[in-house]
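Coordinate analysis (summary)
The residues making up each chain are set out below.
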Amino acid sequence: MSASEIAAAKQLIESHGLSFEPGFDNLVGIYEQGELVAVGARAGNVLKMLAVEAEYQGGSLLGEIVTLLVSRGYDAGLDSLFVYTKPEYAGSFQALNFKLLATQAKVALLEYGNGLKKWLAAQSALIKPGCNGAVVMNCNPFTLGHRYLVETAAQQVDNLYLFVVREERSVFPFAVRMRLVKEGVRDIGNVIVLDTGHYLISSATFPTYFLKKDDPVARIQMELDVTLFASRIAPFFGIVRRFVGSEPLCQMTRAYNDTLRELLPAYGIALVEIERKEAISEVISASRVRDLLAHQQLKQLQNHVPASTLAFLGSDEAAPIRRQLEGPPA
Amino acid sequence: MKICKKGQAGTVQSSDLMVTVEPADALIIEIESTVKKQFEHLIRAKLEQVLAKHGTVSGRISISDRGALDYAIEARLETALQRAGGM
């Protein structure tokens, strides 16, 4: 793709009050008599920056762009594709068989295909009656802090759904994080471990969380994520309480907790904030665990992680993760 | 025709449909359509007829339809099947 083609795409996108975001797998466009009249991009399973020149709107161009992007996403092996757009454009995508997942004042999230419904149907064996709670955790890796939060929360509900973030944005791969969580909570009878699919804190619903970009965009994304959880996922599992750890360190997580506190009550869900557990003299956190690993202070780790995680951290299997954390040799 | 891998055909345009097929143990047909209420049974019958014609007895067949007519349904499904059969 030439620089002038990208410049034309950027201009068309910006003329629609959207901003051009570099970072995509495909950028497709349609030209009419040498002029770029429609554009769209795909970044992973997110379609973005779709724009059609004003005088061509209402025709078939949006469909052509979406067809191109969906086909490429399908070729890349993706089973679900999402689009974030202004709420007033949701209807244009619904007409193309996109399903509306959640809306916020400034943004609508839609999915191509019936992914959410299928994902929920696949979890239906896990539905348990009662007053249920939920925690959502990345667990990078599973620590005594996570363990404490889960244990405390599990005592307050009939069943606790523990959603492990599926998104691969962490040093510890999803399969490892999932395994350490399962091993770490195995003895707590009423905990049900599952993953978030594409529908909780993942780049599909919440990309700014990982980017640490503390601007209104983050706030909007957080509200959208909480709305999706509260309106579509919680009712399916009978979840009436959401548990979070108090957040003394990370501003982003604290803002997310504030968003939960504001929005959940309208959906009949209570937010329960649990004080973080401290090890000897410092708060336990997964980032502290990664620090200790990076500095090869394996001895101190036992104050921070349960035996199952500790065994993994010292294993041969974890060698690549340790090397990655230690960084290149000086 | 056996579905050996994923296959896709069609567009999201009006009067067309997007068909995706992939291997599965049983025959599963999933229909999304803007005219589902009125025509789901006819769309399903057409899909089943085309599948039977090609001897496809298992696979997940998903369609996202925007009011395609019978011949379009047949053409798109056949193309997706061919792409999935490694022909």
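It should be emphasised that the depicted structure is a prediction, and the values quoted were computed from it without experimental measurement.

1. What to know about the overall build of chain B
Helices and strands together make up the secondary structure of chain B, namely two helices and four strands. Put simply, chain B runs from its N terminus to its C terminus through helices and strands in the order β-β-β-α-β-α. Burial statistics for chain B: of 87 residues in total, 33% are counted as buried. Put simply, of all contacts in chain B between residues at least 6 apart along the chain, 78% involve residues at least 24 apart.

2. Section: the pairing of strand β11 (residues 270-274) of chain A
Residue and element names in this part refer to chain A. Pairing between strand β10 (residues 239-245) and β11: five bridges, direction parallel. Of the residues in β11, the one forming a bridge with Val-244 is Glu-273. Viewed along the sheet, the connection from β10 through helix α9 (residues 251-263) into β11 turns out right-handed.

3. Comments concerning the confidence of the model for chain B
Residues shown with low pLDDT carry predicted positions that ought not to be read at fine detail. Residue-level pLDDT values for chain B average 94, and 98% of them are 70 or greater. Here the predicted complex scores 0.86 on pTM and 0.85 on ipTM.

4. Focus: the domain arrangement of chain A
Interfaces are often sized by the accessible area lost when the parts come together. Residues and elements named next belong to chain A. Per the domain assignment, the segments making up chain A are domain 1 (3-113) and domain 2 (125-326). Distance between the C-alpha centres of domain 1 and domain 2: 32 Å. Each partner contributes residues to the interface: domain 1 has 11 residues there, and domain 2 has 11 residues. Put simply, the parts of the chain that give the side of domain 1 that touches domain 2 at least two residues each are β5 (98-104) and β6 (107-112).

5. A closer look at helix α1 (residues 36-53) of chain B
Residues and elements named next belong to chain B. For α1, with 18 residues, the first-to-last C-alpha span of 24 Å sits near the 26 Å given by 1.5 Å per residue. Residue Leu-42 marks the point of greatest curvature in α1, where the axis turns by about 25 degrees. Positive phi shows up at Gly-55, right after α1, with a value of about 65 degrees.

6. As for the nonpolar core
One recurring pattern in soluble globular proteins: nonpolar side chains tend to sit buried together. All names here are of chain A. In terms of nonpolar packing, the biggest core is built from 99 residues, with Val-135, Val-150, Leu-160 and Leu-162 touching the most fellow members. If you tally residues by element for this core, the top one is helix α8 (residues 216-237), at 10 residues. Residue assignment places this core across two domains, with domain 1 (3-113) and domain 2 (125-326) each supplying three or more. Sequence-distant contacts of Leu-162, that is, excluding residues within four places in its chain, are made with Val-135, Met-137, Val-150, Val-181, Val-185, Val-191, Ile-192 and Val-193.

7. What to know about the sheet that holds strand β2 (residues 17-22) of chain B
All names here are of chain B. One open sheet accounts for four strands, arranged β1-β2-β4-β3; its pairing is mixed. The outermost strands of the open sheet, each flanked by one partner alone, are β1 (7-10) and β3 (27-33). Pairwise comparison of adjacent strand axes, ignoring direction, gives a mean angle of 10 degrees for this sheet. Note that β2 and strand β4 (residues 59-65) share six bridges and pair antiparallel. Looking at the pairing, Met-18 lines up with Ser-64 of β4. The sheet strands contacting α1 are β3 and β4, and the helix crosses β3 at an angle near 145 degrees.

8. Concerning the sheet that holds strand β9 (residues 191-195) of chain A
All names here are of chain A. The strand order β9-β8-β7-β10-β11 describes an open sheet built from five strands, whose pairing is parallel. Of all the strands in the sheet, just β9 and β11 have a single pairing partner and so form its edges. Each strand of the sheet is rotated relative to its neighbour by a mean of 25 degrees, with strand direction disregarded. Here strand β7 (residues 132-137) pairs with strand β8 (residues 159-164) via six bridges, running parallel.

9. What about the environment of B:Pro23?
Residues and elements named next belong to chain B. Mapping Pro-23 onto the fold places it in the loop between β2 and β3. According to the C-beta neighbour criterion, Pro-23 is partly exposed, with 14 such atoms within 10 Å. Sequence separation of Pro-23 and Gln-49 is 26 residues, and the distance between their C-alpha atoms is 19 Å. Sequence-distant contacts of Pro-23, that is, excluding residues within four places in its chain, are made with Ile-3, Cys-4, Lys-5 and Gly-59.

10. Let's talk about the packing of helix α10 (residues 286-294) of chain A against helix α13 (residues 319-326) of chain A
A packed helix pair is summarised by two numbers, namely the angle formed by the two axes and the spacing between the axes. Residues and elements named next belong to chain A. Where α10 contacts α13, the two axes come as close as 8 Å, and the packing angle between them is 90 degrees. Taken together, α10 and α13 sit at an angle that is classed as roughly perpendicular. Contact residues: Arg-290, Leu-293 and Ala-294 in α10; Arg-322, Leu-325 and Glu-326 in α13. Residue composition of the contact of α10 with α13, grouped by class: three nonpolar, no polar and three charged.

11. Focus on helix α5 (residues 144-154) of chain A
Of all 11 residues that make up α5(A), eight are buried, and the element is covered over most of its length. Along α5(A), the residues classified as buried are A:Leu144, A:Gly145, A:His146, A:Arg147, A:Leu149, A:Val150, A:Ala153 and A:Ala154.

12. A few points about the interface of chain A and chain B
The partner chain B presents 11 residues to the 11 residues of chain A that form the contact. Residue classes in the side of chain A that touches chain B are distributed as four nonpolar, seven polar and no charged.

13. Describing unusual backbone geometry
Residue and element names in this part refer to chain A. A cis amide bond, omega 0 degrees, links Asn-140 with the succeeding residue Pro-141. By the secondary structure assignment, Pro-141 is in the loop between β7 and α5. One non-glycine residue, Gln-296, adopts positive backbone phi at about 55 degrees. Here Gln-296 is to be found in the loop between α10 and α11 (298-301). According to the C-beta neighbour criterion, Gln-296 is exposed, with 10 such atoms within 10 Å.

Analysis parameters
- Counting restarts for each chain, with residues numbered from 1 along the sequence as it is written.
- Think of it this way: whatever chain is written first is A, whatever ligand is written first is 1, and the rest follow in order.
- Restriction of local features to residues with pLDDT of at least 70 applies here, the model being predicted, together with a cutoff of 80 or more for giving and counting side-chain atom pairs; totals for whole chains, interfaces and linings are based on all residues.
- Put simply, DSSP marks the helices as runs of H or I at least four residues long and the strands as runs of E at least two long, and each gets a number from the N terminus on.
- Exposure classification rests on a simple neighbour count of other C-beta atoms within 10 Å of a residue's own: a residue reaching 20 or more is buried, one at 12 or fewer is exposed, and one in between is partly exposed. C-beta atoms are placed from the backbone.
- In this description, a residue-residue contact is defined by the distance between C-beta atoms placed from the backbone, which must lie within 7 Å.
- Any two strands with at least two DSSP-identified bridges between them are counted as paired.
- By convention a crossover is right-handed if, when the strands point away from the viewer, the path from the first strand over the helix to the second runs clockwise.
- Per residue, pLDDT captures the predictor's confidence, and it can take any value from 0 to 100.
- Delimitation of the domains relies on an automatic or database domain assignment.
- One less than the residue count of a helix, multiplied by 1.5 Å, gives the span that helix is expected to have.
- Two axes enter the bend calculation: one fitted to the seven residues ending at the residue in question, the other to the seven starting there, and the bend is the angle between them.
- We define the nonpolar core as any set of buried residues of the types Ala, Val, Leu, Ile, Met, Phe, Trp, Tyr and Cys, connected via C-beta atoms lying within 7 Å of each other.
- Here an axis means a line fitted to C-alpha atoms, over the contact stretch when the element is a helix, while the angle between two N-to-C directions is reported on a 0 to 180 degree scale.
- Relative orientations are named as follows: roughly parallel for angles under 35 degrees, roughly antiparallel for angles over 145 degrees, roughly perpendicular for angles from 65 to 115 degrees, and oblique for any other angle.
- Only Asp, Glu, Lys and Arg are considered charged in this grouping, and only Ala, Val, Leu, Ile, Met, Phe, Trp, Tyr, Cys and Pro are considered nonpolar; every other residue, Gly among them, is considered polar.

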